[in-house]
Amino acid sequence: MESNKDEALKCLAIAQKHRNAGNYASAKRFCQKSLTLFSTSEAVQLLEVIEVEYRESDSAASTSSQPPGSSSAEAHSSAAEAHPSAAGARQRHHGDTSKAEGKAKANGDAASGGAQKKRDYTPENVAVVERVRKCKVTEYYEILAVKRDCDEAEVKKAYRKLALALHPDKNGAPGADEAFKLVSKAFQVLSDPQKRAIYDQHGSDPESRFGGMPDRGSPSFSRASYGGGGGVFEDEISPEQLFNMFFGGGGMGMNGGGFGGGPFGGGPMFTATFGPGGFRTTRMRTNARPERRAEEPRSTWVQLLPLLLLIAFSLLNALPNLFGSTPTPDPRFSFQPSARYNVERTTGGLHVKYHVNAAEFSGHPVAAELARNDNQPGPQLRKFETNVERAYTQDLYAQCQRAIDRKQRRKDQEVGLFGIGTDWERVRKIDEEPIESCDKLKSLGLLN
């Protein structure tokens, strides 16, 4: 992929450095990685040269080791001096390289990273590998095929499915190893809330030099010793080890127990970190998450307390209406007779005449109360007639006030500005004009 070309060139430069130092095993490994990321003619040629020099160094080492006694030790020492790191690299990687590497062809056909044992695969294996490798190395959501708003459980589920489908023991399709590494990288970023937040903000690898994430522990995470030791853990782990840790295998103990008891089983949480230096592990402090879980219900109740109090007060105010009968509105009435208001009545207090509808009034509880009391006024009738008198007097007060205002405006108009030439007799007549509404209030004793 074009996006991997820069990384491929970096790996090619590292391979050249190892070749210059005589470390052919490491040089070959980085050259093969460069070809896996992005195939270039320079990488093919360099790999061919490394293969030849690697075989020559192996032949020289085997020849020098044939004489017995002290001459063998001296030959071995001279070979180690000529290539100081080649012997150690062969010892470290002999088990892995003997399985993955065959005898290189003399015509330089090393672009595939060395002849490997052919593994079986199905079209489904090829499809999942191609889908993952079509994604860019930092498209973690696309690699795991999850949405950006997915939760931690969905990330774990997606990783579990892809890790089983791309594991080298189950998928022999070309590029499956690289796809397996991409899935492991995506999982360790998206499963860490801090790294995921940085990735969502910047869209780049949060652990790279340009990703904006410092190489130090957060308040919730700290580097921990592996296997119960007392020192700080600095060893690197591979995607295979991450796979074993996730599925509870691999024989790598953590504080006396397997990884399966971590974030997937209720124990301490361990996460894997893949940065420029390789894979690293981090551990969440075991006492941090239980404390937060204990505080979450408490804080939720505190936030809901005002709402609960409001609901309680509303229920208390509504209790009388829930258990009591709905009050019946008063009968409609009018102070003027009409075809609708055809029954005249008089209040018992101010003796105000009013009119009601016969059919409506006869079906009202007030009429039933009069029938029970032999037409004697009861509490409901007195309450109704009090409302009638209040409406009547309020209307009279309004009419009286309007009439007084009109009379005052007429007097002011007759007097003028300074009263010069005013007909005072006419002013006196205006002042003596009666106001009917005011007189009714006086007769009722409500106005002096």
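Quick caveat, the model's predicted, so the values are computed rather than measured. Numbering of residues starts from 1 in every chain and runs along the sequence as written. It should be noted that, the model being predicted, local features are given only for residues of pLDDT at least 70 and side-chain atom pairs only at 80 or more, the latter also being counted only at that level, while totals for whole chains, interfaces and linings use all residues. The side-chain values count all of the structure's non-hydrogen atoms but skip hydrogen atoms and water molecules.

Our next topic: the state of the cysteines. To count as a disulfide, a pair of cysteine sulfur atoms needs to be within 2.5 Å. What the rule picks out here adds up to 1 disulfide. Here Cys-400 engages in a disulfide with Cys-438; their sulfurs sit 1.7 Å apart. Looking down the S-S bond of the Cys-400 and Cys-438 bridge, the torsion is 95°, so its handedness is right-handed. One end of the pair, Cys-400, is in helix 15 (residues 379–415); the other, Cys-438, is in helix 17 (residues 436–443), with 38 residues separating them in the sequence. Helical segments are the DSSP runs of H or I of at least four residues, strand segments are the runs of E of at least two, and each set is numbered from the N terminus.

What follows deals with the environment of Cys-150. As for its position among the elements, Cys-150 is in the loop between helix 7 (140–144) and helix 8 (152–166). Partly exposed residues are those whose accessible area sits between 20% and 50% of the maximum for their type, while under 20% is buried and over 50% is exposed, using a 1.4 Å probe and protein chains only. The class for Cys-150 is buried, based on a relative accessible area of 5%. Cys-150 sits 40 residues away from Leu-190 along the chain, and the two C-alpha atoms are 9.7 Å apart. If near-sequence neighbours (up to four positions away) are discounted, Cys-150 is found in contact with Tyr-141, Val-155 and Arg-196. Contact between two residues is taken to exist if any of their heavy atoms lie within 4.5 Å; hydrogens are not considered.

Moving on, we come to a nonpolar patch on the surface. Like charges within 9 Å and nonpolar side chains (Val, Leu, Ile, Met, Phe, Trp, Tyr) within 5 Å are joined into patches, using only residues over 30% in relative accessible area that form no salt bridge. Residue burial considers only the protein chains on display, and all accessible areas are found by Shrake-Rupley using a 1.4 Å probe. Every case where a carboxyl oxygen of Asp or Glu lies within 4 Å of a side-chain nitrogen of Lys or Arg is listed as a salt bridge. A grouping of Trp-301, Leu-304, Leu-307, Leu-308, Leu-310, Ile-311 and Leu-315 is seen on the molecular surface, where their side chains present a nonpolar patch of about 710 Å² in accessible area. Relative to the assigned elements, Ile-311 resides in helix 12 (residues 288–323).

With that settled, consider the packing of helix 15 against helix 17. For any two helices packed against each other, the geometry comes down to the angle between their axes and how far apart the axes lie. Put simply, helix 15 and helix 17 touch, their axes get as near as 7 Å, and they point 135° apart. As far as their axial angle goes, helix 17 and helix 15 are oblique. In the packing of helix 15 onto helix 17, the handedness of the crossing is left-handed. Contact residues: Tyr-392, Thr-393, Leu-396, Tyr-397, Gln-399, Cys-400 and Ile-404 in helix 15; Ser-437, Cys-438, Lys-440 and Leu-441 in helix 17. Orientation is described by lines fitted to C-alpha atoms, with helices fitted over the stretch in contact, and by angles between N-to-C directions that extend from 0 to 180 degrees. Orientation is classified from the angle alone, with under 35 degrees giving roughly parallel, over 145 giving roughly antiparallel, 65 to 115 giving roughly perpendicular, and any other angle giving oblique. Two helices that cross are described as forming a left-handed crossing if the nearer one is turned anticlockwise from the farther one by less than a right angle, and a right-handed crossing if clockwise.

What follows covers the pattern of salt bridges. If you walk through the whole model with that rule in mind, you get 14 salt bridges. In this structure, Glu-152 engages Lys-156 in a salt bridge whose closest nitrogen and oxygen atoms are separated by 3.3 Å. Residue Glu-152 and its partner Lys-156 are located together in helix 8, separated by 4 residues, close to a single helical turn. Given a relative accessible area of 32%, Glu-152 falls into the partly exposed group. A salt bridge links Asp-431 to Lys-411; its shortest N-O distance comes to 3.5 Å.

Here we come to the packing of helix 9 (residues 176–190) against helix 10 (residues 193–202). Between helix 9 and helix 10, whose axes approach to 6 Å, the crossing angle comes to 100°. Classified by the angle between their axes, helix 9 and helix 10 sit roughly perpendicular to one another. Taking contact as the criterion, the partners of Gln-188, Val-189 and Leu-190 in helix 9 are, on helix 10, Lys-195, Arg-196 and Tyr-199. In this classification, the charged set is Asp, Glu, Lys and Arg, the nonpolar set is Ala, Val, Leu, Ile, Met, Phe, Trp, Tyr, Cys and Pro, and all remaining amino acids, among them Gly, are polar. Its residues assigned to classes, the contact of helix 9 with helix 10 shows 3 nonpolar, 1 polar and 2 charged.

With that out of the way, let us pick up the environment of Thr-386. Residue placement: Thr-386 occurs in helix 15. On the basis of relative accessibility, which here comes to 38%, the residue Thr-386 falls in the partly exposed class. Along the sequence, Thr-386 and Gly-348 sit 38 residues apart, while their C-alpha atoms lie 8.9 Å from each other.

Looking now at helix 14 (residues 365–372). Residues of helix 14 that are buried include every one of Val-366, Ala-367, Glu-369 and Leu-370, and no others. Mapping the buried residues of helix 14 onto a view down its axis gives an arc of 155°, with all of them on the same face. Residues of helix 14 that are exposed and angled more than 90 degrees away from the buried face: Ala-371 and Arg-372. The secondary structure elements touched by the buried residues of helix 14 are strand 5 (343–346), helix 13 (358–362) and helix 15. Asp-374 occupies a position one or two residues after helix 14 and carries a positive phi of about 55°. What the arc covers is the set of directions going from the helix axis to the C-beta atoms.

Counting 28 residues, the largest nonpolar core has Ile-143, Leu-144, Leu-166, Val-183 and Leu-190 as its most contacted members. With 9 residues, helix 9 is the largest single contributor of residues to this core. The contacts of Val-183, once residues within four sequence positions are left out, are Val-132, Ile-143, Leu-144, Tyr-159, Leu-162, Ala-163 and Leu-166. Counting 17 residues, the second-largest nonpolar core is a separate cluster that includes Leu-12, Tyr-24, Cys-31 and Leu-47. For this analysis, a nonpolar core means a set of buried residues of the types Ala, Val, Leu, Ile, Met, Phe, Trp, Tyr and Cys, connected via side-chain atoms within 4.5 Å.

Before going further, it helps to spend a moment on the confidence of the model for the protein. Per-residue confidence for the protein gives a mean pLDDT of 74, with 65% of residues at or over 70. The score called pLDDT rates the predictor's confidence residue by residue, from a low of 0 to a high of 100. Here residues 67–116 is a poorly scored stretch, pLDDT under 50, and it has 44 contacts once near neighbours within four places are set aside; other chains count. Across residues 274–279, confidence stays below pLDDT 50; counting only partners more than four residues off in sequence or on other chains, it has 20 contacts.

At Asp-374, a position not held by glycine, the phi torsion is positive, near 55°. Positive phi outside glycine occurs at Asn-375, with the angle close to 60°. Secondary-structure assignment places Asn-375 in the loop between helix 14 and helix 15.

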